[in-house]
Amino acid sequence: MATNKTIHILVIRLSAMGDVAMTVPVIMGVIKKYPEVKITVLTKAFTAPIFANIPNVKVFNADVKGKHKGILGLWKLYKELKALQIDAVADLHNVLRSSILKQFFKLSTIPLIQVDKGRAAKKALVNPKRIYFNPLPTTFKRYAEVFSKLGYPVTISEMETLYKRPIPESANSLINFEGKLKIGIAPFAAFSGKMYPLPLMEKVLSDLNASNKYSIVLFGGGKKEIEVLAKWESQFNNCSNAAGKLSFSDELSLISNLQLMLAMDSGNAHLAAMYGVPTVTIWGVTHPYAGFSPFNQPEHHALLSDRKKYTAIPTSIYGNKYPDGYDNVMETILPETIVQKISEILSVSV
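Given the structure is predicted, the values throughout are model-derived calculations rather than measurements. (Residues numbered from 1 in each chain as written. Predicted model: local features only at pLDDT ≥ 70, side-chain atom pairs only at ≥ 80, totals over all residues. Heavy atoms only, no water.)

Draft legend 1. Just the sheet that holds strand β5 (residues 112-114), in detail. Spatial ordering of the open sheet is given by β3-β2-β1-β4-β5, a layout of five strands whose pairing is parallel. Each edge of the open sheet is held by one strand with a lone partner, namely β3 (57-61) and β5. Neighbour-to-neighbour, the strand axes of the sheet open up by a mean angle of 20°, direction not taken into account. With four bridges connecting them, strand β1 (residues 7-12) and strand β4 (residues 88-91) associate as parallel partners. Bridge pairing in β4 links V11 to A90. Each of β1, β2 (37-43), β4 and β5 is contacted by helix α4 (residues 96-106), which is oriented at about 155° to β5, the strand it contacts most. (Pairing = 2+ DSSP bridges. Helix = DSSP H or I, 4+ residues; strand = E, 2+ residues; numbered from the N terminus. Axes fitted to C-alpha atoms, helices over the stretch in contact; angles between N-to-C directions. Contact = heavy atoms within 4.5 Å.)

Draft legend 2. Region of interest: the side chain of S240. As for its placement among the helices and strands, S240 is situated in strand β8 (residues 239-241). The exposure class of S240 is buried, given its relative accessible area of 10%. Sequence-distant contacts of S240, that is, excluding residues within four places in its chain, are made with L174, I175, I216, V217, L218 and E233. (Buried < 20%, exposed > 50% of the residue type's maximum accessible area, 1.4 Å probe, protein only.)

Draft legend 3. Main features of the nonpolar core. Residues I9 and I39 are the most contacted members of the largest nonpolar core, which totals 63 residues. Element by element, the count of residues in this core is highest for helix α2 (residues 24-33), at six residues. The residues contacting I39, other than those within four sequence positions of it, are H8, I9, V11, I27, V30, I31, N56, V57, K58 and F147. (Core = buried A, V, L, I, M, F, W, Y, C linked by side-chain atoms within 4.5 Å.)

Draft legend 4. Just α2, in detail. Extensive coverage of α2 is indicated by the burial of eight of its 10 residues. Of the surrounding secondary structure, the elements contacted by the buried residues of α2 are β1, α1 (17-21), β2, β3 and α6 (139-149).

Draft legend 5. Spotlight on helix α10 (residues 248-255). Counting buried positions over the eight residues of α10 gives six, a clear majority of the element. All buried positions along α10 are accounted for by F248, E251, L252, S253, L254 and I255. Buried positions along α10 lie against α1, α7 (169-172), β7 (214-218), β9 (260-264) and α11 (267-273).

Draft legend 6. Geometry of a nonpolar patch on the surface. A cluster of nonpolar residues, L72, W75 and L107, forms a patch on the protein surface that exposes about 340 Å² of accessible area. Here L107 lies in the loop between α4 and β5. (Patch = residues over 30% accessible without salt bridge, like charges linked within 9 Å, V, L, I, M, F, W, Y side chains within 5 Å. Areas by Shrake-Rupley, 256 points an atom, 1.4 Å probe, with all protein chains shown as cover. Salt bridge = Lys/Arg side-chain N within 4 Å of Asp/Glu carboxyl O.)

Draft legend 7. Quick peek at the pattern of salt bridges. Inspection of the entire model under this criterion finds 11 salt bridges. Put simply, E233 and K245 hold a salt bridge, and the shortest N to O gap is 3.3 Å. Of this pair, E233 sits in helix α9 (residues 223-235) while K245 sits in the loop between β8 and α10, and the two are 12 residues apart along the sequence. Between E344 and K341 there is a salt bridge, with its nearest N and O atoms 3.3 Å apart. Pair noted here: E344 and K341 are both in helix α12 (residues 335-349), with a separation of three residues, about one helical turn.

Draft legend 8. Inspection of the packing of aromatic side chains at higher detail. This structure, assessed with the given rule, holds 10 aromatic pairs. With centroids separated by 5.2 Å and ring planes inclined at 65°, the aromatic side chains of F140 and F295 adopt a geometry described as edge-to-face. One end of the pair, F140, is in helix α6; the other, F295, is in the loop between β10 (279-283) and β11 (302-304), and 155 residues separate them in sequence. Look at F140 and you get buried, because its relative accessible area is 4%. With 6.4 Å between their ring centres and 50° between their planes, F292 and Y318 make a pair best called tilted. (Phe/Tyr/Trp six-rings, centres within 6.5 Å; stacked < 30°, edge-to-face > 60°.)

Draft legend 9. Structural view of the packing of helix α3 (residues 70-82) against α4. Between α3 and α4, the shortest axis-to-axis distance is 10 Å and the interhelical angle comes to 55°. The pairing of α3 with α4 is recorded here as oblique in orientation. Once α3 is placed against α4, the crossing between them reads as right-handed. Across the interface between the two elements, I71, L74, W75, L77, Y78 and L81 of α3 pack against R97, I100, L101, F104 and F105 of α4. Looking at the contact of α3 with α4 residue by residue, the class counts come to 10 nonpolar, no polar and one charged. (Parallel < 35°, antiparallel > 145°, perpendicular 65-115°, else oblique. Left-handed = near helix turned anticlockwise from the far one by under 90°. Nonpolar A, V, L, I, M, F, W, Y, C, P; charged D, E, K, R; others polar.)

Structure, rendered in structure tokens:
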């Protein structure tokens, strides 16, 4: 499909924050390699700031709980999208909602390619009786295959991260960086199966704080999470809690200025990586072989639970399922190991 005329591609990604963030390096690679391409991202309003100020990229907010709810709402959405004069659709979501949109776009003969999520291969990966244990294609490669089928191939090496943003005044007023190395820590995850135990994370914080080398910014959301982070902020003099105090856009600007992010297998890891921030991830019952490692991060940045002791890992793709006896797998990753990894990376990269 590559041509000299402007081509308008609709990208569908309506899901969680981390999944949306993973589209960024691919989209950046496409628009740089193919200047004739402009992209509209169909996403939820909350995730729209992820795409702010990217050349040739606009956002269309999907109101899936309001006017775009249900089949009739999706028909209204299709009519609104068609009015944008779309030339092709890259469905990077591939769920029932986007499959219904696919049928509507067929009426206009607008080509729509859906991402191959590799559901069967992922199911085999989390089977404790698996015969093979090999890495699956990364999510970035799966997204790139969609653009390739539309006529716009892009390789991993051609993908790019976002530029660093200025630190917003709202963050400067909350956090005293004092010339120290800026570390972000996002200790929460959607499911307990991939969340490092809070007492052990507190030990990590204690050791990092005691070194007096770092200005530590805590990220999270939700009432209970904010209570935990507020406690740590008062407990450790080098810690600042950003949760609930900044807009999402300002949080992104702050993340882009970090020297390192420590996170679970979670959305914050992908937000940091999309800015090229060195990102250390802690993995519980999930595993990087499922293809969800943050963009362009070396293998040794991923700290894994002990598979020799817990042979069924990964027990699920998303961390929501694990067998009896697997609720403590992350205790096999010592706080000292995490602190050492952070020190090692920053001594090399600074």
